[in-house]
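If you want the building blocks of each chain, they are given just below.
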Amino acid sequence: MADGFASPPAPLLFTPDVEAATAPLWDKVKHHVTPLEWQLHAPLIAEINRLKREKNAVILAHNYMTPEIFHGVGDFVGDSLALAREAAKCDAAVIVQAGVHFMAETSKVLAPEKRVLIPDLRAGCSLASSITGADVRLIKARHPGIPVVTYVNTTADVKAETDICCTSANAVQVVEWAAREWGVDKVILIPDEFLARNVARQTSVKIIAWAGRCEVHERFTAGDIADMRAAYPGAEILAHPECPTEILEAADFAGSTAAMNDYVALRKPKQVVLITECSMASNVQAESPGTQFIGPCNLCPHMKRISLRNIHDALLYDQYEVTVDPSVQIRAKLAVQRMIDLPPPTVPARYDLVKARHHVDVELI
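Trainee: Account for the overall build of the protein, with residues named and values stated.
Mentor: When helices and strands are tallied, the protein shows 15 helices and 13 strands. In summary, the protein has a C-alpha radius of gyration of 21 Å against a globular reference of 21 Å for 365 residues, a match within 12%. Each of the three principal axes of the protein carries a C-alpha extent, and together these read 65 × 55 × 30 Å. Residues classed as buried in the protein amount to 55% of the 365 residues present. Total accessible area on the protein is roughly 15,500 Å²; 54% of this is exposed by carbon and sulfur atoms. Counting 36 positive and 44 negative side-chain charges, the protein places the averaged centre of each group 4 Å from the other.

This is how it looks when you write it as structure tokens:
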């Protein structure tokens, strides 16, 4: 324009062409998105998918994304481990992280040559903010010679001080690998206190833990489980290992998001309760329409900052880029790559008491 300001983009409309192009996606999400909402979502989905082709971009969508994002625009979907693997091997020039900031940092750590965008810089994580690189350096000084296993829900600065990363799907495997490699019987597992306590029940390796917690999973109580049992006696209850141990004791099954997804897909229960973030249930149900999904669930306020609109704007305006200091990136990549290079578990780790070896406590820092 003559005044130097760019013209605003044309409005996105729900045309017959958009309706036809997005019809298969609508069929997947129609039980979780109203027809009126879909008329707003579908034009954005069609335009996002066009922009991806134009800019050689991919969208990594975490399991906690809402269904219209997860099924509508996600090129690769899954838990943190699955997305980390895809970030490392995809050949796109641009990665848009439909998740939270530490995930975008992990993508940048693994693919420093790619441009990594996050739609909202405020999409954080209570676990990632619970610990710093300086904290890890102090922990190592107090426990020399003990390997540090760090949950992927951490900043690049923390990963850079780490020996190897893990996710909830492989935490037991990684802890036992680290103990063998270092020739010790004790491992530092940070920052999720509840994951550490639940891992400790699955292994003979002693655990030193940090008092970090996921603000979504720590809110669940044993009373929630009892209420669901009373109201829905036939429902199978699945819990995430970031929940307090009392939740896992009361659940029928406990495992990572991937493990819960596999459980529902293979067992096909008539009714199921997922004790985790709300959108996880919606996304699993789209693939298992024969199962009735029942609350409770808690929303992650950080994940919910990501929307179709700000994904669209990230691609259109090339915002907001996530960078990692090169010296941090090199050290953090070593820890993440060690995790990726381990053979994947035959099945994702199971944490409930059916599989527990013993009841032990952790050494809390």
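Trainee: How would you explain the packing of helix 1 (residues 16–29) against helix 2 (residues 35–55) if you had to name every residue and give the values?
Mentor: The contact between helix 1 and helix 2 brings their axes to 10 Å, and the two run at 120°. Put simply, helix 1 runs oblique to helix 2. Where helix 1 crosses over helix 2, the handedness of that crossing is right-handed. For the pair helix 1 and helix 2, the contacting residues are V18, T22, L25, W26 and V29 in the first and P35, W38, A42, P43, I45 and A46 in the second. Looking at the contact of helix 1 with helix 2 residue by residue, the class counts come to 10 nonpolar, one polar and no charged.

Trainee: Run through the nonpolar core, naming residues and quoting values.
Mentor: Among the nonpolar cores identified, the biggest contains 107 residues, and V199, I207, L274, I275, I311 and Y351 are the most heavily contacted of them. Leaving out residues up to four positions away in the same chain, Y351 has contacts with S168, A171, V172, L195, N198, V199, Q202, P241, L248, A254 and G255. Grouped together as the second largest cluster of nonpolar side chains are 10 residues, I131, V158, I208 and W210 included.

Trainee: An account of the packing of aromatic side chains is requested, with residue identities and associated values reported.
Mentor: Scanning all chains against the criterion turns up three aromatic pairs. Ring geometry for W26 and W38: centres 5.5 Å apart, planes at 40°, overall tilted. Taken together, the positions of W26 in helix 1 and W38 in helix 2 put the pair 12 residues apart, joining distant regions of the chain. Measuring from ring centre to ring centre gives 4.7 Å for F253 and Y263, while their planes differ by 35°; the resulting arrangement is tilted. Of this pair, F253 sits in strand 10 (residues 253–254) while Y263 sits in helix 12 (residues 257–267), and the two are 10 residues apart along the sequence. Note on accessibility: F253 and Y263 belong to one class, buried.

Trainee: If you had to explain the sheet that holds strand 11 (residues 271–275) to someone new, which residues and values would you point to?
Mentor: Hydrogen bonds between backbone groups are what pair the strands of a sheet, and the pairing can be parallel or antiparallel. Spatially, four strands are ordered 10-9-11-12 in an open sheet, and the strand pairing comes out parallel. Of all the strands in the sheet, just strand 10 and strand 12 (292–294) have a single pairing partner and so form its edges. Here strand 11 pairs with strand 12 via three bridges, running parallel. In the strand pairing of strand 12, Q271 is matched with Q292. Those strands touched by helix 12 are strand 9 (236–239), strand 10, strand 11 and strand 12, and its axis lies near 155° from that of strand 9. Contacts between helix 13 (residues 278–287) and the sheet are confined to strand 11 and strand 12, with strand 12 contributing the most and set at about 175° to the helix.

Trainee: Let's hear about the pattern of salt bridges: which residues, and what values?
Mentor: The tally for this structure, following the rule as stated, stands at 21 salt bridges. Of the charged contacts, one joins K206 and D185 as a salt bridge, the two residues approaching to 3.8 Å between their closest N and O atoms. Here K206, found in strand 8 (residues 206–209), pairs with D185, found in the loop between helix 8 (171–182) and strand 7 (186–190); they are 21 residues apart in sequence, far enough to count as distant. For E249, the salt bridge goes to R201, with nearest N and O atoms at 3.1 Å. A residue pair is termed long-range when its members are at least 10 positions apart, and E249 in helix 11 (residues 245–250) and R201 in the loop between helix 9 (193–200) and strand 8 qualify at 48 residues.

Trainee: Account for the side chain of Q329, with residues named and values stated.
Mentor: Secondary-structure assignment places Q329 in helix 15 (residues 326–341). Residue Q329 is classed as buried on the basis of its relative accessible area of 11%. Q329 has contacts with K108, V109, P112 and V324, leaving out every residue within four places of it along the chain.

Trainee: Give a description of the sheet that holds strand 6 (residues 164–166) that names residues and reports values.
Mentor: An order of 6-5-7-8-13 is seen for the five strands of this open sheet, with the pairing classed as parallel. Edge positions in the open sheet fall to strand 6 and strand 13 (363–364), since each of these has one partner strand only. Pairing analysis gives four bridges linking strand 7 to strand 8, with the strands arranged parallel. What sits directly across from L189, in strand 8, is A209.

Trainee: Go over the pairing of strand 7 with me, naming the residues and quoting the values.
Mentor: Along strand 7, four of the five residues are buried, which leaves the element largely enclosed by surrounding structure. Bridge count for strand 5 (residues 148–151) against strand 7 is three bridges, and the pairing is parallel. Considered in strand 7, the bridge of T150 is made with I190. Assessed by its sense of winding, the connection that carries the chain from strand 7 through helix 9 to strand 8 is right-handed.

Trainee: Describe in detail the pairing of strand 5, supporting the description with residues and values.
Mentor: Side chains V148 and T150 project from strand 5 onto one buried face, and the interleaved V149 and Y151 project onto a second face that is buried too. Sheet topology note: the strand 5/strand 6 ladder contains three bridges and is parallel. When the bridges of strand 6 are listed, V149 appears paired with I164.

The rules behind each value
Along each chain, the written sequence defines residue order, and numbers are assigned to residues from 1. Local features in this predicted model are restricted to residues of pLDDT 70 or higher, and side-chain atom pairs are both shown and tallied only at a pLDDT of 80 or more, whereas totals for entire chains, interfaces and linings draw on every residue. To obtain the side-chain values, all non-hydrogen atoms of the structure were included, while hydrogens and water were left out. Secondary structure elements are defined from DSSP: runs of H or I of at least 4 residues count as helices, runs of E of at least 2 residues count as strands, and each element is numbered from the N terminus. A radius of gyration in this sense is built from C-alpha atoms; the matching globule rule multiplies 2.2 Å by the number of residues raised to 0.38. Each residue is placed in one exposure class: buried if its accessible area under a 1.4 Å probe, protein chains only, is under 20% of its type's maximum, exposed if it is over 50%, and partly exposed if it falls in between. What sets the accessible areas is the Shrake-Rupley method with a 1.4 Å probe; for residues, cover comes only from the shown protein chains. Charge convention: Lys and Arg are scored as positive, Asp and Glu as negative, and His as well as the terminal groups of each chain are ignored. Every charge is mapped onto a representative atom, which is NZ of Lys, CZ of Arg, CG of Asp or CD of Glu. In this description, a line fitted to the C-alpha atoms serves as the axis of each element, helices being fitted only across the stretch in contact, and the angle between N-to-C directions of two axes falls anywhere from 0 to 180 degrees. An angle below 35 degrees is treated as roughly parallel, one above 145 as roughly antiparallel, one from 65 to 115 as roughly perpendicular, and anything else as oblique. Each crossing gets its hand from how the near helix is turned against the far one by less than a right angle, where anticlockwise is left-handed and clockwise is right-handed. In this description, contact between two residues means that some pair of their heavy atoms is separated by no more than 4.5 Å. Three classes are used: nonpolar for Ala, Val, Leu, Ile, Met, Phe, Trp, Tyr, Cys and Pro, charged for Asp, Glu, Lys and Arg, and polar for all others, with Gly counted as polar. Residues belong to one nonpolar core when they are buried, are Ala, Val, Leu, Ile, Met, Phe, Trp, Tyr or Cys, and are joined through side-chain atoms within 4.5 Å. Aromatic rings from Phe, Tyr and Trp, with only the six-membered ring used for Trp, were paired whenever their centres fell within 6.5 Å, and each pair was classed as stacked if the ring planes differed by under 30 degrees, edge-to-face if by over 60, and tilted otherwise. If DSSP finds at least two bridges between two strands, the strands pair. One side-chain nitrogen of Lys or Arg within 4 Å of one carboxyl oxygen of Asp or Glu is enough to make a salt bridge. Crossovers are marked right-handed if the path from the first strand over the helix to the second runs clockwise, as seen with the strands pointing away from the viewer.

Just distances and angles here, no functional claims.
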